[in-house]
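Spelled out from the first residue to the last, the chains are:
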Amino acid sequence: MITQHTRWMKLALREAQRAFDADEVPVGAIIVHEGEIIGRGSNQVEQLQDPTAHAEMIALTAAANALQSRRLEHCIMYVTLEPCPMCAGAIMLARIPTLVFGSYDPKAGACGTLYNIVEDRRLNHQVHVVGGICDLESEALLKDFFSLKRKVTRKKNPLR
């Protein structure tokens, strides 16, 4: 049986595929409010030459515009990779109550792996976190992307 979280995460994976197809690190995010997607994003860091153009940030902006409010208190964010510190902070500031992510990020994860910004009781808002939803699909997309990047680098620099 497919769970509600799995159903929504599959849609976030579509956003990650869009990033992959645009030669961006394949991370996708959606924000759901009352059973409807009100924000979506895929990484656009290279395309926009903007270090803040992470999937989560783009989805947060779209959702805030849709609700005409910076507070996304009745929303759930789905993202294919555990958010970094910047995105975790933005998720908290948006007052998102629930975050669901796919793959854990051992290099930059700030929702339980390296840091746990979103559940830190010293801060004035905490986020309920569900990790590991569709993690194998998310990991496969990331591994394929970086494998292709390494192949291109080897072709350009055969001595590597």
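Residue indices begin from 1 for each chain and proceed along its sequence in written order. Note on the predicted model: pLDDT of at least 70 is required for a residue's local features to be given, and 80 or more for side-chain atom pairs to be given and counted; whole-chain, interface and lining totals, by contrast, use all residues. Just so you know, side-chain values use all the structure's heavy atoms and leave hydrogens and water out.

1. Thoughts on helix H3 (residues 55–67)
Inference 1: The numbering of helices and of strands both runs from the N terminus, where a helix is a DSSP run of H or I of at least 4 residues and a strand a run of E of at least 2. Multiplying 1.5 Å by the helix residue count minus one yields the expected span of that helix. With 13 residues, H3 extends 18 Å from end C-alpha to end C-alpha; this agrees with the ideal 18 Å at 1.5 Å per step.
Inference 2: All buried positions along H3 are accounted for by Ala55, Glu56, Ala59, Leu60 and Ala63. Take H3 and look down its axis: the buried residues cluster within an arc of 125°, on one side only. For every residue, the accessible area obtained with a 1.4 Å probe (protein chains only) is divided by the maximum for its type, and the residue is called buried under 20%, exposed over 50%, and partly exposed between those limits. The directions from the helix axis to the C-beta atoms are what the arc is built from.

2. Let's talk about the sheet that holds strand S1 (residues 28–33)
Inference 1: Following DSSP output, two strands are said to pair if at least two bridges run between them. Pairing is mixed in the open sheet, where five strands are placed in the order S2-S1-S3-S4-S5. Looking at the sheet topology across the chains shown, the edges are occupied by strand S2 (36–42) and strand S5 (128–130). Strand-to-strand twist in this sheet, taken as the mean axis angle between neighbours without regard to direction, amounts to 20°.
Inference 2: Relative to S2, S1 runs antiparallel, the two being bridged by six bridges. Looking at S2, one finds that Val32 is bridged to Ile37. Helix axes use the C-alpha atoms of the stretch in contact, all axes being lines fitted to C-alpha atoms, and the angles between their N-to-C directions lie in the range 0 to 180 degrees.

3. Describing the packing of H3 against helix H4 (residues 85–93)
Relative orientation and spacing of two packed helices are given, respectively, by the angle between their axes and the distance between those axes.
Inference 1: The geometry of H3 relative to H4 is characterised by a closest axis approach of 9 Å and an angle of 20° between their N-to-C directions. Here H3 is positioned roughly parallel relative to H4, judged by the angle of their axes. By crossing handedness, the relation of H3 to H4 is classed as left-handed. Packed against H3, whose contacting residues are Glu56, Met57 and Leu60, the element H4 presents Met86, Cys87, Ala90 and Ile91 at the interface.
Inference 2: Polarity classes work like this: nonpolar for Ala, Val, Leu, Ile, Met, Phe, Trp, Tyr, Cys and Pro, charged for Asp, Glu, Lys and Arg, and polar for all others, with Gly in that last group. When its residues are assigned to classes, the contact of H3 with H4 shows six nonpolar, no polar and one charged. Any angle that is under 35 degrees is reported as roughly parallel, and any over 145 degrees as roughly antiparallel; angles of 65 to 115 degrees are reported as roughly perpendicular and all others as oblique. In this scheme the crossing of two helices becomes right-handed for a clockwise turn of the near helix relative to the far one and left-handed for an anticlockwise turn of less than a right angle. Contacts between residues were defined by any pair of non-hydrogen atoms, one from each residue, lying within 4.5 Å.

4. What to know about the pattern of salt bridges
Inference 1: Salt bridges are defined by distance alone: a side-chain nitrogen of Lys or Arg within 4 Å of a carboxyl oxygen of Asp or Glu. Going through the model one piece at a time under the given rule, you end up with six salt bridges.
Inference 2: Where Lys10 meets Glu137, a salt bridge forms, and the shortest distance between an N and an O atom there is 2.9 Å. Here Glu137 lies in helix H5 (residues 135–156) and Lys10 lies in helix H1 (residues 4–21), a separation of 127 residues in the sequence.
Inference 3: With relative accessibility at 35%, the residue Lys10 sits in the partly exposed group.
Inference 4: Accessibility expressed as a relative area gives 34% for Glu137, which makes it partly exposed.
Inference 5: For Arg122, the salt bridge identified is with Asp120, shortest N-O distance 2.6 Å.
Inference 6: Residue Arg122 is classed as exposed on the basis of its relative accessible area, which comes to 75%.

5. A closer look at the layout of surface pockets
Inference 1: Estimates place the volume of the largest pocket at around 650 Å³.
Inference 2: Taken together, 26 residues make up the lining of the largest pocket; nearest its centre are Val25, Leu81, Asp105, Leu142 and Phe146.
Inference 3: Counting residues per element, the ones that place at least two in the lining of the largest pocket are helix H2 (45–48) and H5.
Inference 4: By residue number, the principal contributor to the lining of the largest pocket is H5, which donates seven residues.
Inference 5: When grouped by side-chain class, the residues that make up the lining of the largest pocket number 12 nonpolar, three polar and 11 charged. Using only the protein atoms, space was sampled on a 1 Å grid; points where a 1.4 Å probe fits but cannot get out form cavities, open sets with protein on both sides within 12 Å along at least five of seven lines form pockets, and lining residues are those with an atom within 4 Å of a point. Grid points are joined across faces, edges and corners, and a volume is the space filled by probe spheres set on the points.

6. Details of the packing of aromatic side chains
Inference 1: Geometry of aromatic contacts follows a simple scheme: Phe, Tyr and Trp rings, the Trp one being its six-membered ring, pair when their centres are within 6.5 Å, and the pair is stacked under 30 degrees between planes, edge-to-face over 60, tilted otherwise. Taken as a whole, this structure holds four aromatic pairs when the rule is applied.
Inference 2: Taking the centre distance of 4.9 Å and the plane angle of 80° together, the rings of Phe101 and Tyr104 count as edge-to-face.
Inference 3: Owing to a relative accessible area of 0%, Phe101 belongs among the buried residues under this scheme.
Inference 4: Residue class for Tyr104 comes out partly exposed when judged on its relative accessible area of 46%.
Inference 5: Residues Phe145 and Phe146 carry aromatic rings whose centres are separated by 5.1 Å and whose planes lie at 85° to one another, so their mutual orientation is edge-to-face.

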